[in-house]
Amino acid sequence: MSSLNPRATTEPAGGLLLQVWLIPVLRDNYVFVLQRGREAVVVDPAVDQPVAAALKARDLQLQAILHTHHHSDHIGGTPGLLQVWPQAQVIAAAADRSRIPLQTKGVSDGDSFQLLGETIKVLAVPGHTRAHLAYWLPGSGHLFCGDTLFAAGCGRLFEGSAEQMHTSLQRLGALPAATQVWCTHEYTEGNLRWASAVAPNDGPIADRLDQVLQQRAAGHFTVPTSIGLEKSTNLFVRASTDAELAALRGHKDGWSG
Ligand SMILES: [Zn+2]
């Protein structure tokens, strides 16, 4: 599979296409690149060298790095990228400045800012960590949600409560159904194997598992997903109460397949 495979494009008012593509790194991480013309923004660079190489191969200038949360597999590449592009902005949760160093712009829930001609809205989605953020591009319909919402899953509750995760997932679930969801790990097959064990008679989940098994066997990525698909097949998004989400999360934490 190509690490430079364009995955989604949208037509902006100005003419140049916005492209969003991904770079698979480490065991199952994705680093996302937003590109318009020769300018790029990177989301959650776990490592620097494959990202820098991919940008240089396309002759791109890095304008900014976005961080969803402080875990090392989301921020580890930032110092190295800043050595190559020292003028790049580093945007992350102001509330997590001590754990996400090198910030040039601290943001919080409700903020919005402009990059690559796009409006980017900041959504606080605590649960996995206490200051986890998601970045939503309402104009082009992209969402970068880190380790909060996964394809058919959600992040572990390291610092937050089931109530917080439930609220965060409901908030993301309220975005337009066509929103392209770029989650940071390729966990989809395992998530659906678990979901189909928990809900063996669920047709949409069974159908999605079949499809994902074919995609993975062919070496394809299963990211991005969409809000609409998650609302129909993600048990955590479908959970109607905090208690239901807590029970699902606890079951999955102890599940070994
Ligand atoms: Zn994480």
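Structure first, text after, so check above.
Read on for an overview of the structure. This is a predicted model, so every value here is computed, not measured.

Here we look at the pattern of salt bridges
All told, the structure shown has 12 salt bridges when counted by the stated rule. Across the salt bridge formed by Arg 156 and Asp 253, the nearest N and O atoms sit 3.4 Å from each other. Of the two residues, Arg 156 sits in the loop between strand 13 (153-154) and helix 4 (162-173) while Asp 253 sits in helix 9 (residues 242-253), which places them 97 residues apart along the sequence. Its relative accessible area of 35% is what places Asp 253 among the partly exposed residues. We note a salt bridge from Arg 238 to Asp 202, for which the minimum N-O separation is 2.6 Å. Here Arg 238, found in helix 8 (residues 235-238), pairs with Asp 202, found in the loop between helix 5 (188-198) and helix 6 (203-217); they are 36 residues apart in sequence, far enough to count as distant. Residues joined in a network through salt bridges with shared partners are Asp 96, Arg 99, Arg 130 and Glu 159.

Considering the nonpolar core
One finds Leu 34, Leu 66, Phe 113, Tyr 135, Leu 143, Phe 144 and Leu 172 to be the most contacted residues of the largest nonpolar core, which totals 58 residues. Dropping the residues within four chain positions of it, Phe 144 is found in contact with Val 20, Phe 32, Leu 34, Val 43, Thr 68, Leu 133, Ala 134, Tyr 135, Leu 137 and Trp 182. With 20 residues, the next largest nonpolar core counts Ala 40, Leu 55, Leu 62 and Trp 85 among its residues.

Examining unusual backbone geometry
With omega at 10 degrees, the peptide bond leading from Val 223 into Pro 224 counts as cis. Secondary-structure assignment places Pro 224 in the loop between helix 6 and strand 15 (225-226). A positive phi angle, close to 60 degrees, is found at Asp 59, a residue other than glycine. Take Asp 59: it is sitting in the loop between helix 1 (49-57) and strand 5 (61-66). Non-glycine residue Leu 116 carries a positive phi angle of around 55 degrees. On the secondary structure map, Leu 116 appears in the loop between strand 8 (112-115) and strand 9 (118-124).

Remarks on the pairing of strand 8
Regular strands place side chains that alternate from one sheet face to the opposite one. Only one face of strand 8 is buried: it carries Phe 113 and Leu 115, and the other face, with Ser 112 and Gln 114, is open. Sheet analysis places strand 8 next to strand 9, joined by four bridges and oriented antiparallel. Each bridged residue has a counterpart across the sheet, and for Ser 112 the counterpart in strand 9 is Lys 121. Counted along the chain from strand 8 to the antiparallel partner strand 9, the turn is two residues long, and its residue Leu 116 has a positive phi close to 55 degrees.

A look at the side chain of His 74
Structurally, His 74 is set in helix 2 (residues 72-75). Among the polar contacts listed, one links the side chain of His 74 to the side chain of Asp 147, at a separation of 3.0 Å. If sequence neighbours within four positions are ignored, His 74 has contacts with Asp 44, Pro 45, Ala 46, His 67, Thr 68, His 69, Gly 146, Asp 147, Thr 184 and His 185.

Rules and cut-offs
Residues numbered from 1 in each chain as written. Predicted model: local features only at pLDDT ≥ 70, side-chain atom pairs only at ≥ 80, totals over all residues. Heavy atoms only, no water. Salt bridge = Lys/Arg side-chain N within 4 Å of Asp/Glu carboxyl O. Helix = DSSP H or I, 4+ residues; strand = E, 2+ residues; numbered from the N terminus. Buried < 20%, exposed > 50% of the residue type's maximum accessible area, 1.4 Å probe, protein only. Core = buried A, V, L, I, M, F, W, Y, C linked by side-chain atoms within 4.5 Å. Contact = heavy atoms within 4.5 Å. Pairing = 2+ DSSP bridges. Polar contact = N/O pair within 3.5 Å; in protein donor to acceptor, adjacent residues only side chain to side chain.

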